[in-house]
Amino acid sequence: MSEEVVQPPTVAEVVESWNVPAEAVVAARIRNNILVAIERGYDDPQLVADLAVGPLVMALGQLEVDLADARRRIAELERAAQAKG
């Protein structure tokens, strides 16, 4: 009986497996940039994590700003609608 040795996935395979929706442009850019870094030899898992965290924090910050702006605009529209009627 021979047992087949299962190789763990490579760092690139893990990153490639991240399911990024087609509409998620920023997330796709982060994923693609990480894959380019891996292709250039920066494939240490800790480094890949570090490469992902900075852009994710920036994207989250932008999302927070956009959400706060949307909430402000919704509140303004609600006030305008109440004033009309």
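Before reading further, recall that the structure is shown in the block above.
Report on the accompanying structure. Here the residue numbers are simple positions, counted from 1 along each chain's written sequence. It should be noted that, the model being predicted, local features are given only for residues of pLDDT at least 70 and side-chain atom pairs only at 80 or more, the latter also being counted only at that level, while totals for whole chains, interfaces and linings use all residues. For the side-chain quantities, the full set of heavy atoms in the structure was used; hydrogens and water were omitted.

1. Here's the deal with the packing of helix H2 (residues 25-39) against helix H3 (residues 45-84)
Running from N to C, H2 and H3 point in directions that differ by 160°, and their axes come no closer than 10 Å. When the interaxial angle is binned, H2 and H3 end up roughly antiparallel. The interaxial crossing formed by H2 with H3 has right-handed handedness. Counting all contacts with H2, which are made through Val26, Ile30, Ile34, Ala37 and Ile38, the residues of H3 involved are Val48, Leu51, Ala52, Pro55, Leu56 and Ala59. Under the scheme applied here, ten amino acids are nonpolar (Ala, Val, Leu, Ile, Met, Phe, Trp, Tyr, Cys and Pro), four are charged (Asp, Glu, Lys and Arg), and all others, including Gly, are polar. Its residues assigned to classes, the contact of H2 with H3 shows 11 nonpolar, no polar and no charged. Only C-alpha atoms enter the line fits that serve as axes; for helices the fit covers just the stretch in contact. Angles between N-to-C directions range over 0 to 180 degrees. Numbering of helices and strands starts at the N terminus; helices are DSSP runs of H or I of at least 4 residues and strands are runs of E of at least 2. Roughly parallel means an angle under 35 degrees; roughly antiparallel, over 145; roughly perpendicular, 65 to 115; everything else is oblique. By convention the crossing between two helices is left-handed if the near helix lies anticlockwise of the far one by an angle smaller than a right angle, and right-handed if it lies clockwise. Residues count as neighbours in contact if any of their non-hydrogen atoms are within 4.5 Å of one another.

2. Section: the pattern of salt bridges
The term salt bridge refers to a pairing of a side-chain nitrogen on Lys or Arg with a carboxyl oxygen on Asp or Glu at a separation within 4 Å. This model, assessed by the stated rule, comprises three salt bridges. Note that arginine 72 is salt-bridged to aspartate 69, the shortest N-O span being 2.4 Å. One end of the pair, arginine 72, and the other, aspartate 69, are both in helix H3, three residues apart, so they sit about a helical turn from each other. Assessed through its relative accessible area of 30%, aspartate 69 is described here as partly exposed. Taking the shortest distance from any N to any O, the salt bridge between arginine 72 and glutamate 76 comes out at 2.8 Å. Exposure classes here rest on a 1.4 Å probe applied to the protein chains alone. A residue is buried below 20% of its type maximum, exposed above 50%, and partly exposed in between.

Read these as geometric descriptors, not functional statements.
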